[in-house]
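# Understanding the architecture of this molecule
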Amino acid sequence: MSKNVKIPMELFSRIIDLLDYLDLSGYDQALQIDCDNIMLALIKKKQSLELREAYAKIVFAEDEDARDAARMRYLQQKRCLNDDF
């Protein structure tokens, strides 16, 4: 059974930074692969959250110009996300 948890975004970002900082080159390759897979999953989740936030800016824009600008930023982020994976 899969369960989700909520953590503050600041802590989430700090976890990613910590994993990125760790040098696991002296450890077993299986541990390195696990860490890399976890890191990729966390980065993908962070990008997904950022994309959702960008979409919300379209929905809640104050006027048409702000909505168009937010839409362009959203599409750029979405394109970058699709190019990465």
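Look above for the structure.
Note that this is a predicted model, so its numbers are computed, not measured. (Residues numbered from 1 in each chain as written. Predicted model: local features only at pLDDT ≥ 70, side-chain atom pairs only at ≥ 80, totals over all residues. Heavy atoms only, no water.)

### A look at the pattern of salt bridges
Evaluation of the coordinates by the stated rule reveals two salt bridges. Put simply, Arg71 and Asp68 hold a salt bridge, and the shortest N to O gap is 2.8 Å. Of this pair, Arg71 and Asp68 both sit in helix H3 (residues 64-84), separated by three residues, roughly a single helical turn. (Salt bridge = Lys/Arg side-chain N within 4 Å of Asp/Glu carboxyl O. Helix = DSSP H or I, 4+ residues; strand = E, 2+ residues; numbered from the N terminus.)

### Here's the deal with the nonpolar core
Core analysis: the largest hydrophobic core is formed by six residues, namely Leu51, Ala54, Ile58, Ala70, Tyr74 and Leu81. Ignoring sequence-local partners within four residues, the contact set of Ala70 consists of Lys57 and Ile58. (Core = buried A, V, L, I, M, F, W, Y, C linked by side-chain atoms within 4.5 Å. Buried < 20%, exposed > 50% of the residue type's maximum accessible area, 1.4 Å probe, protein only. Contact = heavy atoms within 4.5 Å.)

### Observations concerning helix H1 (residues 9-21)
Compared with an ideal rise of 1.5 Å per residue, which puts 13 residues at 18 Å, H1 spans 18 Å between its outermost C-alpha atoms and is within 8% of the ideal. Listing the buried residues of H1 in full gives Phe12, Ser13 and Ile16. Buried residues of H1 fall within an arc of 95° about the axis and therefore sit on the same side. The exposed residues of H1 that point more than 90 degrees off its buried face are Glu10, Arg14, Asp17 and Tyr21. Of the surrounding elements, those touching the buried residues of H1 are helix H2 (29-59). (Expected span 1.5 Å × (residues − 1). Arc of directions from axis to C-beta.)

### Digging into a nonpolar patch on the surface
Taken together, the side chains of Val5, Ile7, Leu11 and Ile15 define a hydrophobic patch exposed on the protein surface, amounting to about 340 Å² of accessible area. Considering the arrangement of structural elements, one finds Val5 in the segment before H1. (Patch = residues over 30% accessible without salt bridge, like charges linked within 9 Å, V, L, I, M, F, W, Y side chains within 5 Å. Areas by Shrake-Rupley, 256 points an atom, 1.4 Å probe, with all protein chains shown as cover.)

### Points about the layout of surface pockets
Here the largest pocket is characterised by a volume of approximately 220 Å³. Forming the walls of the largest pocket are Asn4, Val5, Lys6, Ile7, Met9, Phe12, Lys45 and Leu49. Within the residue set of the lining of the largest pocket, elements represented by two or more residues are H1 and H2. Residue composition of the lining of the largest pocket, by class: five nonpolar, one polar and two charged. (1 Å grid on protein atoms, 1.4 Å probe; cavity = no way out; pocket = protein on both sides within 12 Å on 5 of 7 lines; lining within 4 Å. Points joined across faces, edges and corners; volume = space filled by probe spheres on them. Nonpolar A, V, L, I, M, F, W, Y, C, P; charged D, E, K, R; others polar.)

### Side note on the environment of Lys45
Its location among the elements puts Lys45 in helix H2. According to the relative accessible area criterion, Lys45 is partly exposed, its value standing at 41%. C-alpha of Lys45 to C-alpha of Lys78: the two residues are 33 residues apart in sequence and 13 Å apart in space. Not counting residues up to four positions away in its chain, the partners in contact with Lys45 are Phe12 and Arg52.

### A short note on the packing of H1 against H2
What describes two packed helices is the angle between their axes and the distance between those same axes. Running from N to C, H1 and H2 point in directions that differ by 145°, and their axes come no closer than 10 Å. Handedness of the H1/H2 crossing: left-handed. For the pair H1 and H2, the contacting residues are Met9, Phe12, Ser13, Ile15, Ile16, Leu19 and Asp20 in the first and Cys35, Ile38, Met39, Leu42, Ile43, Lys45, Lys46 and Leu49 in the second. Of the residues belonging to the contact of H1 with H2, the class tally is eleven nonpolar, one polar and three charged. (Axes fitted to C-alpha atoms, helices over the stretch in contact; angles between N-to-C directions. Left-handed = near helix turned anticlockwise from the far one by under 90°.)

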